[in-house]
Structures are given as structure tokens and as C-alpha cells.
Amino acid sequence: MSLIDRTRNALNTVRTGVENAAHKVETAVENTVHKAENVAVQTGQKLHNVVDGFETKAVNGAKAVQGLFGGGSQPDKVYDGQFLGAGGKTYPPGTSLADVPGVTPKNNPNPSETILYVNGINTTKDGQASSLQSIADTTGAKVVGIHNATEGMGADLAQCVKDKLDKGTNPAVDTMADTLYKELKAGHSVHVMAHSQGGLITSRALDHLYNRLRVEDGMSKGDAQQLMSKLNVETFGAAAAHYPDGPNYVHYVNKSDLVPDAFGLGPTKWNPLTDGGKGAVVHRFNDPHLNPIASHGFESVYLQHRVPFDQARANQFGDK
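Residues numbered from 1 in each chain as written. Predicted model: local features only at pLDDT ≥ 70, side-chain atom pairs only at ≥ 80, totals over all residues. Heavy atoms only, no water.

**Things to note about the pattern of salt bridges**
Close approach of charged atoms allows side chains of opposite charge to pair. Heads up, the condition is: Salt bridges are counted wherever a side-chain nitrogen of Lys or Arg sits within 4 Å of a carboxyl oxygen of Asp or Glu. Secondary structure elements are taken from DSSP: a helix is a run of H or I of four residues or more, a strand is a run of E of two residues or more, and numbering for both begins at the N terminus. Three exposure classes are used, based on accessible area relative to the maximum for each residue type with a 1.4 Å probe and protein chains only: buried under 20%, partly exposed in between, and exposed over 50%.
Overall, the coordinates contain eight salt bridges when judged by the stated rule. For arginine 306, the salt bridge goes to glutamate 234, with nearest N and O atoms at 2.8 Å. With a gap of 72 residues between them, arginine 306 in the loop between α10 (298–305) and α11 (309–313) and glutamate 234 in strand β6 (residues 231–236) connect regions that are remote in the sequence. A single burial state applies to arginine 306 and to glutamate 234, both of which are buried. Residues joined in a network through salt bridges with shared partners are Asp178, Lys182, Arg212 and Glu216.

Pasting the structure below:
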């Protein structure tokens, strides 16, 4: 059995663990929120042990784990849900998007478009700042981050479980949902990009946005989805398997990437348990690496396969 096959089998074991853990968390939530928090933390710790043990055998341990999930930094928590702009400066939730000086392309200080980007698991503020510059240079747009802070892999995995269940508070989800609501109500279109857990955060935020439009604003289903059609959303190796109808989606899935393979839209379109959103374009490509963890790289893999949004929506990816 090849390394990739062993890796995929091990990730399926982790996925089963996540699903079982999710049921435990959901039951606990029905009893008390406090107990749900405890179960979620325990879940993250157990998953940490499973993943850490597997990676030690497959690719000599801790470095591979950090390659997939990042190093983790508890002090990073102070930036959770904040906007991240030029120079690595942060701005509190509620700040108008127009008031956040975004990261601009090196060859264009005055781009006409703004992209919101939310990062994946175990990425520090400085790590996200580097990605913002790469996105700006690749897309030609100004880029503003919504920071998904890390407290270390165990806690971050527990948060992913709760995001899957739409339980508990995630500041990045709240900032994203509130920002999109305000921008849409002001008549603005918004372009969103998300990687890994950032795709899960985006999916959850879009669900919250839809519910707010329906309940708070009294919109019909059709009207809410029509308003949300002003959103362009790109995901890369996302850990979400479901997205609400309305936005214009392009989902990038590396078939050699174990994260979307196990927890997202998967390597094949013939999966009735997943939904990329009505009219979504899902671009599945194969970019394998000897170290399968490298197949999940945002800048090294996914940005290399990205094409301009309108071109992607027309399903014109060429040989990239």
C-alpha cells in the first residue's frame, strides 16, 4: 500500500472519530452549554493524539502535523475575529470595511476590488498577513483579512467540531456574517476567499447571514438568496461540505488533499451528502506531493491553480 493510500485510510479513521465526537458534542449541548465546551476540548485533545500518532509513522512526526495545521499560538487569541490589514495591523470587529487599509499588490497601490480572506486552522496573525500579500499579488485586488485565531491544534480542532454543528461562538464567524450583512444592506457586492477551516467558517457565516435576512429583515427565501447573489465566494481545500444557495461559488479541491477529501466536498462530484451551493463550480484537480501534507498548501498549491473569478465561473481552468 502506498504512502498516500495509508494516509487516506488513516484520515478516514480520523474522520470517523470526528463524526463520533460530533454526536457526543451535540448531545452534550442539549444538556448544558458548559458541558459542551468540556466535551469539545476533550475531542480536540483526542484528535490531536490520533493525528499526531499517525503523522509520526507516515512522515516522521511533528513537522508534518505542523505543516497541515500550523504551529499554534495561544497569544494569537487576542486577534480572534479582528480585521487584518496593511502592515499586519488589526482593527476591531464592527469597523467599516472601507476603513480598513488593506494589503495591496506590489505593482498596484490603488486596486479597484477588495477581497475578504479568512484563514485556516492554526494560523497566526503574521502567517495570515503573509497570505494576504500573496493573494493581493495573485489577484490584483486589495485584500483584508478576517483573522481566525489559533490556540493550538487541540483547541482548534475542537472549534472545528463545533463549527460543523453550528454550536458555540466563533468570533471569525460573527465578524464575517456581520460584515457581509452590512455590506449587502449598503448595496455593495463582496468577494470572499477562504482556505481550509476558513471555508467552514465562511459556510457557517453564510448560514447565519441567510437566517438573519429571513428572520430579522423578514425576507422571503427567494429575496434573501437574490440579495446574497451579490457575494462571490472562493474556497480552497475547505473543510465544509455544505453551503447555502444564493452566492456565486467557486470551490477548489485538490484530489490529493486529505482535508477536503475527508471533511469537505470530496474528490468526486458523485457524493449526495455534499452541497457546494446552487450553481457552484467545483474545480477538482490533482496535484500530488510525496509528502501528502504539502497537497493542502494554500500559497504553494491552491493559489497556483486559481484563475480569475469570472473565468472560473465559466469553468475555464485550462491546464492549470
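That was the structure; now back to the text.
**Section: the environment of asparagine 108**
For clarity, the cut-off: Here a polar contact means two N or O atoms within 3.5 Å. Within protein one must be a hydrogen donor candidate and the other an acceptor candidate, and residues neighboring in sequence count only if both atoms are side-chain atoms.
Locating asparagine 108 in the fold gives a position in the loop between β2 (90–91) and β3 (114–118). For the pair asparagine 108 and aspartate 137, spaced 29 residues apart in sequence, the C-alpha separation works out to 8.9 Å. Polar contacts involving the side chain of asparagine 108 include one to the main-chain amide nitrogen of asparagine 110, which spans 3.1 Å.

**A few points about the sheet that holds strand β8 (residues 281–285)**
The following threshold applies: A pair of strands is considered paired only if DSSP assigns at least 2 bridges between the two. Should any heavy atoms of two residues lie within 4.5 Å, those residues are considered in contact. To obtain an axis, a line is fitted to C-alpha atoms, over the contacting stretch when the element is a helix, and the angle between two such axes runs from 0 to 180 degrees between their N-to-C directions.
Judged by pairing direction, the sheet is mixed, and its eight strands sit side by side in the order β2-β1-β4-β3-β5-β6-β7-β8 without closing on themselves. In the strand order of this sheet, the two ends are held by β2 and β8, each with one partner. As paired elements, strand β1 (residues 83–84) and β2 share two bridges and run antiparallel to each other. Within β2, the residue paired with phenylalanine 83 across the bridge is tyrosine 91. Helix α7 (residues 197–215) rests against β3, β5 (190–195), β6 and β7 (248–254) of the sheet, and its axis sits at about 140° to β5. Set on the sheet, α10 makes contact with β3, β5, β6, β7 and β8; between it and β7 the angle comes to about 125°.

**Some remarks on the packing of aromatic side chains**
Condition: Only rings of Phe, Tyr and Trp enter the pairing, Trp through its six-membered ring, and a pair is recorded when the two centres are within 6.5 Å. The plane angle decides the type: under 30 degrees is stacked, over 60 is edge-to-face, the rest tilted. Distance and angle both matter: a charge sits over a ring if NZ of Lys or CZ of Arg is within 6 Å of the ring centre and within 35 degrees of the ring normal.
Scanning the model with the defined rule gives seven aromatic pairs in all. Their ring planes at 75° and their centres at 5.6 Å tell us that phenylalanine 236 and phenylalanine 298 sit as a pair that is edge-to-face. With a gap of 62 residues between them, phenylalanine 236 in strand β6 and phenylalanine 298 in helix α10 connect regions that are remote in the sequence. Given the relative accessible area of 0%, phenylalanine 236 is considered buried. On the accessibility criterion, phenylalanine 298 (6% relative accessible area) is buried. Through a chain of ring-to-ring contacts, the aromatic side chains of Tyr117, Phe236, Tyr252, Phe285, Phe298, Tyr302 and Phe317 assemble into a single cluster. One Lys or Arg, lysine 125, reaches over the ring of tyrosine 79 and ends 5.3 Å from the middle of that ring. Here arginine 212 stacks its cationic end above the ring of tyrosine 181, 3.5 Å away from the centre of that ring.

**Topic: the environment of glycine 318**
Checked against the element boundaries, glycine 318 lands in the segment after α11. On the accessibility criterion, glycine 318 (68% relative accessible area) is exposed. Residues glycine 318 and histidine 305, spaced 13 residues apart in sequence, show a C-alpha to C-alpha distance of 9.7 Å.

**Brief notes about the nonpolar core**
As a rule of thumb, soluble globular proteins bury nonpolar side chains together. The following threshold applies: The nonpolar core is taken to be a set of buried Ala, Val, Leu, Ile, Met, Phe, Trp, Tyr and Cys residues, with the residues joined through side-chain atoms within 4.5 Å.
Core analysis: the largest hydrophobic core is formed by 37 residues, its most contacted members being Leu116, Leu180, Leu209 and Leu231. Sorting the residues of this core by element identifies β3, β4 (142–146), α6 (171–185), β5, α7, α8 (221–228), β6 and β7 as the ones contributing at least two each. Here leucine 180 is in contact with Leu116, Val190, Val192, Leu206, Leu209 and Leu231, once residues within four sequence places are set aside. Core analysis: the next-biggest nonpolar cluster, separate from the first, contains 23 residues, Leu84, Ala141, Phe236 and Tyr302 among them.

**Some words on the side chain of aspartate 287**
For aspartate 287, the position within the fold is in the loop between β8 and α10. Taking the relative accessible area as the measure of exposure, aspartate 287 reaches 19% and is therefore buried. A polar atom in the side chain of aspartate 287 sits 3.0 Å from the side chain of histidine 305.

**Side note on the packing of α6 against α7**
So the rule is basically this: Each angle is binned into one of four classes, with values under 35 degrees roughly parallel, values over 145 roughly antiparallel, values of 65 to 115 roughly perpendicular, and all other values oblique. Crossing handedness follows the turn of the near helix against the far one: under a right angle anticlockwise gives a left-handed crossing, and clockwise gives a right-handed one. Note on residue classes: Ala, Val, Leu, Ile, Met, Phe, Trp, Tyr, Cys and Pro are nonpolar, Asp, Glu, Lys and Arg are charged, and everything else, Gly too, is polar.
Axis separation between α6 and α7 bottoms out at 8 Å; the angle between their running directions is 50°. Between α6 and α7, the crossing angle belongs to the class labelled oblique. The hand of the α6/α7 crossing is right-handed. Contacts from Ala172, Val173, Met176, Ala177, Asp178, Leu180, Tyr181, Leu184 and Lys185 in α6 reach Ile201, Thr202, Arg204, Ala205, Leu206, His208, Leu209, Arg212 and Leu213 in α7. For the contact of α6 with α7, a count of residues per class yields twelve nonpolar, two polar and four charged.

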